[in-house]
Amino acid sequence: MTRFWKPGTENPRLLDDEEGGVIFYNTSSSSSSGYGHMSMDKQRQRLPVSKYRTAILYLVEKHATTIIVGETGSGKTTQIPQYLKEAGWAEGGRVIACTQPRRLAVQTVASRVAEEMSVKLGEEVGYTIRFEDITNNDLTRIKFLTDGVLLREMMDDPLLSKYSVIMVDEAHERSLSTDILLGLLKKIQRRRPELRLIIASATIEAKSMASFFNARKRQGLDDEQIEPNKEPAIISVEGRGFNVQIYYVEEPVPDYLRAVVSTVLSIDDLEPMGDILVFLTGQDDIDAAIQMLTEDSQSNRKKGLIVLPLYSGLPRADQDLVFSPTPRGKRKVVISTNIAETSLTLEGVVYVVDCGFTKQRIYNPMTDIENLVVTSISKASARQRAGRAGRTRPGKCYRLYTEEYFINEMSAYGIPEIQRSNLVPCVIQLKALGVDNILGFDWPSSPSPEALIRALEVLYSLGVLDDDAKLTSPAGFQVAEIPLDPMISKMILASNDFGCSEEAITIAAVLSIQSIWFSSKGVQKEMDEARLRFAVSEGDHVTFLNVYKGFIESGKSSNWCHKNFLNYQAMRKVHEIRLQLRRIVQRLGITLKSCEGDMKVVRKAVTAGFFANACQLEAFSHNGLYKTIRSSQEVYIHPSSVLFRVNPKWIVFHSIVSTDRKYMRNVISIDPSWLTEAAPHFYQHKQLNPIPH
């Protein structure tokens, strides 16, 4: 059993005590949301942010940029857009935008605001995420969208002229798109002084953000009053916080998954009713923990636990279960990634179990490999996680690490995504928006020069950039127009020449989904057999075409998906994305044509996009060892691929995931001569026929 201790004296430690902003409320409500049957207006008035309504509207009126530091749960995300609308910022056809880093947050917040305003979602209140637009140009006045979608909107309207106020929410997450957006919004403000920006965040370093947006200081403006004031205003909004007692483990835990499960079970045994929120690193951990908990609760005859997963790829119906009230006499256990850290609010949570880790993508520009790494969270994240427990009554947070580790080892803040990411999509986006001097762009945090140079090299090799590092015409502009990874976009463009554009957009739609296969423990043999029904010797991309064809021929049947171990929601999404891609490529002048089963041209089109990801099987290799042509990295085919153990001599892959080995995902077999055909500037014959040692 994991042993915890509570530091300090009898008095519980306050959450965020060094930052202040913790207030106490008395609530006698017994409902899981803490609201009982209060009217919507009453609920809105009880949110901490409502006390600041006048102050916020005054600052937005007077200042070009307002920075709002407010804990999650203060109501800033749902209320501020409504305050702005009530104050007239959406009159005359103008729109109020609120961006979020995550798609799931966009959908849930938009639904909540539409409900509070008693309007139909998609009319006065709408949302847009990649490949899904629930808005109405004539009616929508409050629009929630991801940072990435707002960046794409700039391609059609560089000054975002229809928006009167843009609120960048959850800015502390420092996602890649958020940082690019902040840099571009600063540029737009110089051209559109009437545009108001609100930067909202839970734990942001407000002073550094204010200094980034401070035009008065940078331009050496004098103190005469300019309308609006160019100097950013900062306002701090309290959260609806009850005190949260924090417990640490006495000794470091050897296995955080087992520690999570034993902690949940002991909370269930010893603590009064209240939901439990567990933070784990990713879907695999979540599935494993759910299985362990389900097995344990069955063997112990515990029927009171409702164990639910929460991660970004979860189908909508499963997401809704997480937000529904807990039935009386039951206890909900939500096992989540860091998505529940800031973006989403789960009302009934009283206990938090924090494993202390998160999963991050870390890109190495020298090897051109992006690793998914389990890494320690920051102190800011730890405080955010603990804060989830004190929403409706005093709560408890169980940290599966020692207090000494928290104080001495944890960094204060996480590394911004821009400093650990592959910058190819970001560079092409900036180029398409007319930002030619990428190195001189005003970033909130500077990316590494190596990553920028590698991105420019990749785009140049794809024929997207010319010798002056400007977008080529038409290919560069067309690739920028398709909202996918540039290699996938290049594959679609090449398919026009090969006469297989229908097949290419199907493959592109599948590649833009995390996975179409349903993963479930204990049925590996049946799953493998199901995959074999579609598998072909050419590789995964052609297998995807067979799967999609079967799905359409079944009448898009959920029963058919279930029988074939396919994720029905993912397949529906593939179909929707494919329809959108058809419209985009037709707009770009690409002829929609099928190759009628000639898979050689499909493989050539894939090679034209992914030629930089070519590999050759090592001579005399008995364990499937490949080497990448570009950098001689040692790589293996991922066990989920239909070519696992088949080991063709030459392949191209879509991506590499790194665990104990470097594994290639989504692999297709090729003829090496196609590489010099697709990219004579990149490959020469001597590279493709290495001299034997």
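Here's a quick rundown of the structure. From a predicted model like this one, the values you see are computed outputs, not experimental measurements.

This part is about the overall build of the chain. Scanning the chain from terminus to terminus reveals 25 helices and 22 strands. In the chain, 73% of the contacts between residues at least 6 apart in sequence involve partners at least 24 apart. About 30,400 Å² of surface is accessible on the chain, with carbon and sulfur atoms providing 49% of the total.

Bringing the sheet that holds strand β7 (residues 163–168) into the picture now. Sheet architecture is open: 8 strands sit in the order β5-β4-β6-β3-β7-β8-β2-β9, paired in mixed fashion. At either margin of the open sheet sits one strand with a lone partner, and together these are β5 (132–134) and β9 (233–237). On average, each strand axis in the sheet is tilted by 20° relative to the strand beside it, whichever way the strands run. Summarising the sheet, strand β4 (residues 125–129) and β5 pair through 3 bridges and their orientation is antiparallel. Within β5, the residue paired with Ile 129 across the bridge is Glu 132. Across the sheet, helix α4 (residues 103–116) touches β3 (95–100), β4, β5 and β6 (142–146), and the angle it forms with β4 is around 170°. Helix-sheet contacts for helix α5 (residues 147–156) involve β3, β4, β6 and β7, and the interaxial angle to β6 is about 105°.

Sheet topology note: the strand β20 (residues 634–637)/strand β22 (residues 662–669) ladder contains 2 bridges and is parallel. In the sheet register, Ile 637 faces β22, and the bridge partner there is Met 664. In this structure, strand β21 (residues 650–658) lies alongside β22, joined through 7 bridges in antiparallel fashion. The residue of β22 that forms the bridge with Phe 653 is Val 667. As consecutive antiparallel partners, β21 and β22 are separated by 3 residues.

Here we take up the nonpolar core. Counting residues in each nonpolar core, the largest one holds 109 residues, and the members touching the most others are Ile 166, Ile 516 and Leu 581. Residue contacts for Leu 581: discarding those within four places in its chain leaves Phe 131, Ile 482, Leu 484, Ile 505, Ala 508 and Ala 509. Judged by nonpolar contacts, the second largest core, of 56 residues, contains Leu 104, Tyr 247, Ile 286 and Leu 308.

Moving on: unusual backbone geometry. With omega at 0°, the peptide bond leading from Ser 473 into Pro 474 counts as cis. Inspection of the secondary structure assignment puts Pro 474 in the loop between α15 (449–461) and α16 (475–481). Unlike most non-glycine residues, Phe 131 shows phi in positive territory, near 65°. Positionally, Phe 131 belongs in the loop between β4 and β5. Take Phe 131: its relative accessible area is 7%, and that puts it in the buried class. Even without a glycine there, the phi angle at Ser 632 is positive, about 55°.

Turning next to the pattern of salt bridges. Considering all chains together, one arrives at 24 salt bridges under this definition. Put simply, Glu 116 and Arg 44 hold a salt bridge, and the shortest N to O gap is 3.8 Å. Taken as a pair, Glu 116 in helix α4 and Arg 44 in helix α1 (residues 40–46) lie far apart in primary sequence, 72 residues in all. Residues Glu 116 and Arg 44 agree in their burial class; the two are buried. In the salt-bridge network here, residues are joined through shared partners; they are Arg 44, Arg 53, Glu 86, Arg 112 and Glu 116.

Conventions adopted
- Residues numbered from 1 in each chain as written.
- Predicted model: local features only at pLDDT ≥ 70, side-chain atom pairs only at ≥ 80, totals over all residues.
- Heavy atoms only, no water.
- Helix = DSSP H or I, 4+ residues; strand = E, 2+ residues; numbered from the N terminus.
- Contact = heavy atoms within 4.5 Å.
- Areas by Shrake-Rupley, 256 points an atom, 1.4 Å probe, with all protein chains shown as cover.
- Pairing = 2+ DSSP bridges.
- Axes fitted to C-alpha atoms, helices over the stretch in contact; angles between N-to-C directions.
- Core = buried A, V, L, I, M, F, W, Y, C linked by side-chain atoms within 4.5 Å.
- Buried < 20%, exposed > 50% of the residue type's maximum accessible area, 1.4 Å probe, protein only.
- Salt bridge = Lys/Arg side-chain N within 4 Å of Asp/Glu carboxyl O.

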